[in-house]
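Summary of structural features
Residue strings, one per chain:
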Amino acid sequence: MRIPKLFRSLRQLSSYVLAIALGVVLTVSTLQVLPSQAEPAPPMTAGDTSKVIAQRQSPTTAAIGSTSFVTAAVNRVGTAVVRIDTERTITRRVDPSFEDPFFRRFFGDGFSQQMPSEQQLRGLGSGFILDKSGLVLTNAHVVDKADKVTVRLKDGRTFEGKVQGIDEVTDLAVVKINAGNDLPVAPLGSSNNVQVGDWAIAVGNPLGFDNTVTLGIVSTLKRSSAQVGISDKRLDFIQTDAAINPGNSGGPLLNGQGEVIGINTAIRPDAMGIGFAIPIDKAKAIAAQLQRDGKVAHPYLGVQMLTLTPDLAKENNTDPNSPIQIPEVNGVFVMRVVPNSPAASAGIRRGDVILQVDGKAITSAEQLQNFVEDSRLGQILQVKVQRGNQTQQLSVRTAELQNAS
């Protein structure tokens, strides 16, 4: 009985050994015929190598490449970017209290004479050359009220600048330098072709660091001056995340091809990672008028206004402490009427809601401001307002805005 069991065990063991041996043979045969193991990979051609590299590169790496497009863009415009230094002397009135006998006895008779009555202020900004004759475009706030303007080129040459015109409303100014007729000129693009997400390259002299370049993208377009927080301006800005700091003001904002698409404006000291630029198409038109006339005439109505929506009006009307009830409509709410303004002469009142101008529906303060800006001086505008439960048609003749502030 034991011998047959022994034979059966031996047969089973031999079957296991045979199966293991067969598995080893098949594995070795398979390894021998695998191309990756049996022979080296065929050499790659240059075309194949470029395909693999392109597949492995990120979009940013592929866009920049070994020779940066930023370098090419800056080289195209860099020599036309200038530094603008300004000097201004202001007179300070000595406090009359220092003439008081008590102060004179305590501090001495010569104390009030030692108090400085004049102070010299220095400013710094950027700009770029518009044409070979020496016209430089910059921000109005860079050169406004300056007694002396010095323009420094990238090659180190300096020239005295003469301010040909300033427009505070659009924060633009034109400065002329006499440097011959062979100056580098910045190539101008078109801000109408700019799209959100496009490259944005800021060039200038931020914080006094000459010839500085920062890179970002266009964050948004048509950011109104009211949204930015400067209601005395009439601008729709290009917003970018390229770093723009004091000293950048007036310098160019470039696209990826090295064309100027905007004029950098450092206007928000609290801005972190957000900068603003005046669209170049707007700047071209303003610069031409400043060169020709030295100023730009802006029509105005003379109202302080707020965009009104039905929800906003309803929120006001349900407040028991609200001093007035506002029509629950879309339009522009008149918060204040400037005395002796066109609006005041036409009969527009505080609390009115402007619904239409020349038959066109008005739904935002920015829209109304742009409509007036595009009108002519002395043009009569038909303004439809709602006052309480009634609507009225008023004729308003635009006049020239005399003071931007």
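Our subject is the structure that appears above.
Below is a short write-up of the structure. (Residues numbered from 1 in each chain as written. Predicted model: local features only at pLDDT ≥ 70, side-chain atom pairs only at ≥ 80, totals over all residues. Heavy atoms only, no water.)

For the rest of this paragraph, the subject is the overall build of the protein. Broken down by element type, the protein carries 13 helices and 21 strands. A fraction of 64% describes how many contacts in the protein between residues 6 or more apart in sequence connect residues 24 or more apart. A total of about 23,500 Å² of accessible surface is found on the protein, and carbon and sulfur atoms cover 52% of it. (Helix = DSSP H or I, 4+ residues; strand = E, 2+ residues; numbered from the N terminus. Contact = heavy atoms within 4.5 Å. Areas by Shrake-Rupley, 256 points an atom, 1.4 Å probe, with all protein chains shown as cover.)

What follows deals with the sheet that holds strand β13 (residues 275-279). Pairing within the closed barrel is antiparallel, and its 6 strands lie in the order β8-β9-β10-β13-β12-β11. For this sheet, the mean inter-axis angle between neighbouring strands, taken without regard to orientation, is 45°. Judged from the 2 bridges that link them, strand β8 (residues 199-204) and strand β11 (residues 252-254) form a sheet pairing that is antiparallel. If you follow I201 over to β11, its bridge partner there is L254. (Pairing = 2+ DSSP bridges. Axes fitted to C-alpha atoms, helices over the stretch in contact; angles between N-to-C directions.)

Okay, the pattern of salt bridges next. Here the structure, examined in full by the defined rule, presents 12 salt bridges. Its salt-bridge partner being R234, residue E373 comes within 2.7 Å of it at the nearest N-O pair. Here R234 lies in the loop between α9 (225-228) and β10 (236-240) and E373 lies in helix α13 (residues 365-373), a separation of 139 residues in the sequence. Its salt-bridge partner being E400, residue K295 comes within 3.8 Å of it at the nearest N-O pair. One end of the pair, K295, is in the loop between α10 (280-293) and β14 (299-300); the other, E400, is in strand β21 (residues 399-400), and 105 residues separate them in sequence. If you follow the salt bridges from partner to partner, you end up with R83, D85, R152 and D210 in one network. (Salt bridge = Lys/Arg side-chain N within 4 Å of Asp/Glu carboxyl O.)

A sheet is described by the order of its strands in space; here 7 strands give the open sequence β5-β4-β1-β2-β3-β7-β6, paired in antiparallel fashion. Both outer strands of the open sheet, β5 (158-160) and β6 (162-167), are each paired with one neighbouring strand and no more. Taking each pair of neighbouring strands and ignoring which way they run, the sheet shows an average axis angle of 30°. Alignment of strand β2 (residues 118-129) against strand β3 (residues 135-138), held across 2 bridges, turns out to be antiparallel. Its bridge partner being in β3, I129 is matched across the sheet by V136.

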